[in-house]
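Residue strings, one per chain:
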Amino acid sequence: MKKRTPNPFSPLWFRCVACGTCCHEGLPVITDADARRIMKATGLPVEEAVALVADRAIEFPKSAPDWVVTDRGPRVLTVRRRGGKCVFLGADGHCSIYEARPDTCRLYPYAWELDAKGRVRRLSFISGIRCRRERDATIDLAAYSALARQEDATFDAYAFKVQIWNEDQQRRVRAGRRAETAREFLRFMGLLGT
Ligand code: SF4
Ligand code: SF4
(Lines give C-alpha, C1' and ligand atoms only; values in the text may rest on other atoms or scores of the structure.)
(Ligands and ions follow the chains in the order given, each with its own letter.)
Protein backbone atom coordinates (compact mmCIF):
# COMPACT_ATOMS: atom_id res chain seq x y z
CA MET A 1 0.00 0.00 0.00
CA LYS A 2 1.26 3.45 -0.86
CA LYS A 3 2.13 5.45 2.23
CA ARG A 4 0.31 8.76 2.41
CA THR A 5 2.23 11.84 3.38
CA PRO A 6 0.48 14.69 5.17
CA ASN A 7 -0.64 17.62 3.09
CA PRO A 8 0.77 20.52 5.12
CA PHE A 9 -2.17 22.69 4.06
CA SER A 10 -4.92 20.26 5.04
CA PRO A 11 -6.34 20.53 8.55
CA LEU A 12 -7.58 16.95 8.23
CA TRP A 13 -4.17 15.70 9.32
CA PHE A 14 -4.42 15.67 13.08
CA ARG A 15 -3.78 13.41 16.03
CA CYS A 16 -4.35 14.57 19.59
CA VAL A 17 -1.36 13.67 21.78
CA ALA A 18 -3.37 14.31 24.97
CA CYS A 19 -0.91 16.95 26.16
CA GLY A 20 -3.66 18.74 28.10
CA THR A 21 -2.57 22.19 26.90
CA CYS A 22 -6.07 23.11 25.71
CA CYS A 23 -7.45 22.14 29.14
CA HIS A 24 -4.98 24.60 30.74
CA GLU A 25 -5.02 27.43 28.23
CA GLY A 26 -8.55 27.09 26.89
CA LEU A 27 -11.88 27.75 28.49
CA PRO A 28 -14.61 25.76 26.76
CA VAL A 29 -17.88 27.60 26.33
CA ILE A 30 -20.70 25.18 27.08
CA THR A 31 -24.48 24.84 26.92
CA ASP A 32 -27.04 23.79 29.51
CA ALA A 33 -27.06 20.33 27.88
CA ASP A 34 -23.31 20.02 28.50
CA ALA A 35 -23.75 21.18 32.09
CA ARG A 36 -26.55 18.68 32.68
CA ARG A 37 -24.50 15.81 31.23
CA ILE A 38 -21.46 16.71 33.33
CA MET A 39 -23.50 17.03 36.52
CA LYS A 40 -25.14 13.67 35.87
CA ALA A 41 -21.80 11.97 35.20
CA THR A 42 -19.98 13.48 38.18
CA GLY A 43 -22.77 13.98 40.72
CA LEU A 44 -21.44 17.50 41.27
CA PRO A 45 -23.78 20.41 42.06
CA VAL A 46 -23.89 23.03 39.33
CA GLU A 47 -21.68 25.54 41.17
CA GLU A 48 -18.82 23.00 41.33
CA ALA A 49 -19.10 21.98 37.70
CA VAL A 50 -19.67 25.17 35.74
CA ALA A 51 -19.09 28.90 35.97
CA LEU A 52 -20.51 32.03 34.40
CA VAL A 53 -17.47 34.09 33.51
CA ALA A 54 -17.04 37.77 32.62
CA ASP A 55 -15.43 39.08 29.46
CA ARG A 56 -12.14 39.73 31.27
CA ALA A 57 -11.83 35.97 31.79
CA ILE A 58 -12.48 34.90 28.23
CA GLU A 59 -11.67 36.05 24.71
CA PHE A 60 -15.00 35.66 23.01
CA PRO A 61 -16.80 37.65 20.29
CA LYS A 62 -19.02 40.32 21.80
CA SER A 63 -21.69 39.53 19.21
CA ALA A 64 -21.95 35.83 20.15
CA PRO A 65 -25.45 34.75 21.24
CA ASP A 66 -23.98 32.97 24.31
CA TRP A 67 -23.65 36.16 26.35
CA VAL A 68 -26.02 36.06 29.27
CA VAL A 69 -27.30 39.31 30.79
CA THR A 70 -26.87 39.32 34.58
CA ASP A 71 -26.88 41.93 37.34
CA ARG A 72 -23.07 41.99 37.15
CA GLY A 73 -22.82 42.36 33.40
CA PRO A 74 -22.63 39.84 30.57
CA ARG A 75 -21.44 36.32 31.39
CA VAL A 76 -20.66 33.15 29.41
CA LEU A 77 -21.29 29.62 30.64
CA THR A 78 -18.08 27.57 30.85
CA VAL A 79 -16.62 24.65 32.73
CA ARG A 80 -15.23 25.61 36.13
CA ARG A 81 -11.51 26.25 36.43
CA ARG A 82 -9.25 25.85 39.43
CA GLY A 83 -5.49 26.24 39.74
CA GLY A 84 -5.15 27.52 36.17
CA LYS A 85 -6.89 24.60 34.52
CA CYS A 86 -10.23 22.95 33.97
CA VAL A 87 -11.37 21.21 37.16
CA PHE A 88 -11.93 18.05 35.15
CA LEU A 89 -8.34 17.67 34.00
CA GLY A 90 -7.09 14.68 35.97
CA ALA A 91 -3.72 14.34 37.69
CA ASP A 92 -2.74 11.90 34.93
CA GLY A 93 -3.16 14.69 32.35
CA HIS A 94 -6.33 13.18 30.88
CA CYS A 95 -9.90 14.42 30.93
CA SER A 96 -11.65 12.80 33.90
CA ILE A 97 -15.09 13.23 32.28
CA TYR A 98 -14.08 12.15 28.79
CA GLU A 99 -17.40 10.46 27.93
CA ALA A 100 -19.38 13.43 29.26
CA ARG A 101 -17.05 16.24 28.15
CA PRO A 102 -18.58 19.34 26.55
CA ASP A 103 -19.27 19.41 22.82
CA THR A 104 -16.70 22.21 22.46
CA CYS A 105 -14.01 19.86 23.75
CA ARG A 106 -15.14 17.10 21.37
CA LEU A 107 -14.87 19.45 18.41
CA TYR A 108 -11.58 21.06 19.42
CA PRO A 109 -9.13 22.10 17.88
CA TYR A 110 -11.22 23.16 14.91
CA ALA A 111 -13.37 26.07 13.83
CA TRP A 112 -15.90 24.77 11.33
CA GLU A 113 -18.83 25.72 9.12
CA LEU A 114 -21.56 23.44 7.82
CA ASP A 115 -23.09 23.55 4.34
CA ALA A 116 -26.84 23.30 3.63
CA LYS A 117 -26.64 19.51 3.73
CA GLY A 118 -25.01 19.52 7.14
CA ARG A 119 -21.53 18.60 5.94
CA VAL A 120 -18.47 20.43 7.11
CA ARG A 121 -17.54 22.78 4.31
CA ARG A 122 -14.83 24.75 6.07
CA LEU A 123 -12.43 23.50 8.68
CA SER A 124 -9.49 25.31 10.22
CA PHE A 125 -7.35 24.99 13.31
CA ILE A 126 -8.25 27.39 16.10
CA SER A 127 -5.29 29.60 16.86
CA GLY A 128 -4.24 30.96 20.23
CA ILE A 129 -3.67 27.69 22.09
CA ARG A 130 -0.35 25.88 21.75
CA CYS A 131 -1.86 22.60 20.60
CA ARG A 132 0.92 20.02 20.40
CA ARG A 133 -0.88 17.86 17.85
CA GLU A 134 0.89 15.41 15.62
CA ARG A 135 0.05 15.33 11.92
CA ASP A 136 0.50 11.62 11.31
CA ALA A 137 -3.17 10.60 11.05
CA THR A 138 -6.36 11.99 9.56
CA ILE A 139 -9.67 12.69 11.25
CA ASP A 140 -12.89 11.03 10.05
CA LEU A 141 -14.64 13.96 8.36
CA ALA A 142 -18.04 12.20 8.21
CA ALA A 143 -17.94 11.50 11.96
CA TYR A 144 -16.77 15.04 12.62
CA SER A 145 -19.61 16.45 10.50
CA ALA A 146 -22.16 14.38 12.46
CA LEU A 147 -20.78 15.71 15.72
CA ALA A 148 -20.77 19.28 14.41
CA ARG A 149 -24.43 18.94 13.29
CA GLN A 150 -25.45 17.66 16.70
CA GLU A 151 -23.55 20.47 18.42
CA ASP A 152 -25.18 23.01 16.10
CA ALA A 153 -28.67 21.80 17.06
CA THR A 154 -27.85 21.71 20.79
CA PHE A 155 -26.32 25.16 20.61
CA ASP A 156 -29.33 26.62 18.76
CA ALA A 157 -31.65 25.31 21.48
CA TYR A 158 -29.41 26.85 24.15
CA ALA A 159 -29.09 30.18 22.30
CA PHE A 160 -32.89 30.35 22.01
CA LYS A 161 -33.28 29.98 25.79
CA VAL A 162 -30.53 32.56 26.40
CA GLN A 163 -32.35 34.97 24.09
CA ILE A 164 -35.58 34.58 26.06
CA TRP A 165 -33.67 35.17 29.31
CA ASN A 166 -31.85 38.21 27.92
CA GLU A 167 -35.05 39.78 26.60
CA ASP A 168 -36.64 39.31 30.04
CA GLN A 169 -33.67 40.96 31.72
CA GLN A 170 -33.67 43.86 29.28
CA ARG A 171 -37.37 44.41 30.03
CA ARG A 172 -36.58 44.46 33.76
CA VAL A 173 -33.82 47.01 33.25
CA ARG A 174 -36.08 49.21 31.08
CA ALA A 175 -38.65 49.10 33.88
CA GLY A 176 -36.02 50.42 36.31
CA ARG A 177 -35.21 47.11 38.01
CA ARG A 178 -31.89 45.25 38.21
CA ALA A 179 -31.17 42.29 35.98
CA GLU A 180 -31.28 38.99 37.86
CA THR A 181 -28.22 37.12 39.12
CA ALA A 182 -26.15 34.42 37.44
CA ARG A 183 -27.60 31.97 39.94
CA GLU A 184 -31.12 32.85 38.80
CA PHE A 185 -30.01 32.17 35.23
CA LEU A 186 -28.87 28.68 36.26
CA ARG A 187 -32.28 28.17 37.87
CA PHE A 188 -34.00 29.41 34.70
CA MET A 189 -31.98 26.84 32.73
CA GLY A 190 -33.17 24.09 35.07
CA LEU A 191 -29.69 23.50 36.46
CA LEU A 192 -30.58 24.34 40.05
CA GLY A 193 -33.26 22.95 42.30
CA THR A 194 -36.31 25.17 42.58
S1 SF4 B 1 -13.82 19.01 30.11
FE2 SF4 B 1 -12.11 17.60 29.76
S3 SF4 B 1 -11.44 17.97 27.65
FE4 SF4 B 1 -12.72 19.72 28.26
S5 SF4 B 1 -11.26 21.28 29.06
FE6 SF4 B 1 -11.96 20.04 30.79
S7 SF4 B 1 -10.43 18.40 31.05
FE8 SF4 B 1 -10.19 19.29 28.98
S1 SF4 C 1 -3.74 20.89 22.94
FE2 SF4 C 1 -4.07 19.67 21.06
S3 SF4 C 1 -2.80 17.81 21.32
FE4 SF4 C 1 -3.00 18.79 23.35
S5 SF4 C 1 -4.80 17.78 24.30
FE6 SF4 C 1 -5.56 19.63 23.26
S7 SF4 C 1 -6.19 18.94 21.20
FE8 SF4 C 1 -4.87 17.33 22.07
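Residues numbered from 1 in each chain as written. Chains lettered and ligands numbered in written order. Predicted model: local features only at pLDDT ≥ 70, side-chain atom pairs only at ≥ 80, totals over all residues.

Asker: Explain helix α2 (residues 32–42) residue by residue, including any values.
Answerer: Within α2 the residues assigned to the buried category are D32, D34, A35 and I38. Around the axis of α2, the buried residues are gathered within 155° of arc, so they sit on the same side. Taken together, the buried residues of α2 touch α3 (46–49), β2 (50–53), β3 (76–79), α4 (103–107) and α5 (141–174). (Buried ≥ 20, exposed ≤ 12 C-beta atoms within 10 Å, placed from the backbone. Helix = DSSP H or I, 4+ residues; strand = E, 2+ residues; numbered from the N terminus. Arc of directions from axis to C-beta. Contact = placed C-beta atoms within 7 Å.)

Asker: Give me the lowdown on the site of ligand 2, citing residues and values where you can.
Answerer: Within the structure, ligand 2 sits among C16, V17, A18, C19, G20, T21, C22, Y108, P109, C131, R132 and R133. Residue classes in the shell around ligand 2 are distributed as eight nonpolar, two polar and two charged. (Near = placed C-beta within 6 Å. Nonpolar A, V, L, I, M, F, W, Y, C, P; charged D, E, K, R; others polar.)

Asker: Outline the site of ligand 1, supporting the account with residue identities and numerical values.
Answerer: Taken together, the neighbourhood of ligand 1 is formed by C23, P28, V79, C86, F88, L89, C95, I97, R101, P102 and C105. The residue inventory of the shell around ligand 1, partitioned by class, reads 10 nonpolar, no polar and one charged.

Asker: Explain the nonpolar core to me, using residue names and the numbers behind them.
Answerer: The biggest cluster of nonpolar side chains holds 24 residues, and the ones touching the most others in it are A35, V50, V68 and L77. Those elements that place two or more of their residues in this core are α1 (21–25), α2, α3, β2, β3 and α5. (Core = buried A, V, L, I, M, F, W, Y, C linked by C-beta atoms within 7 Å.)

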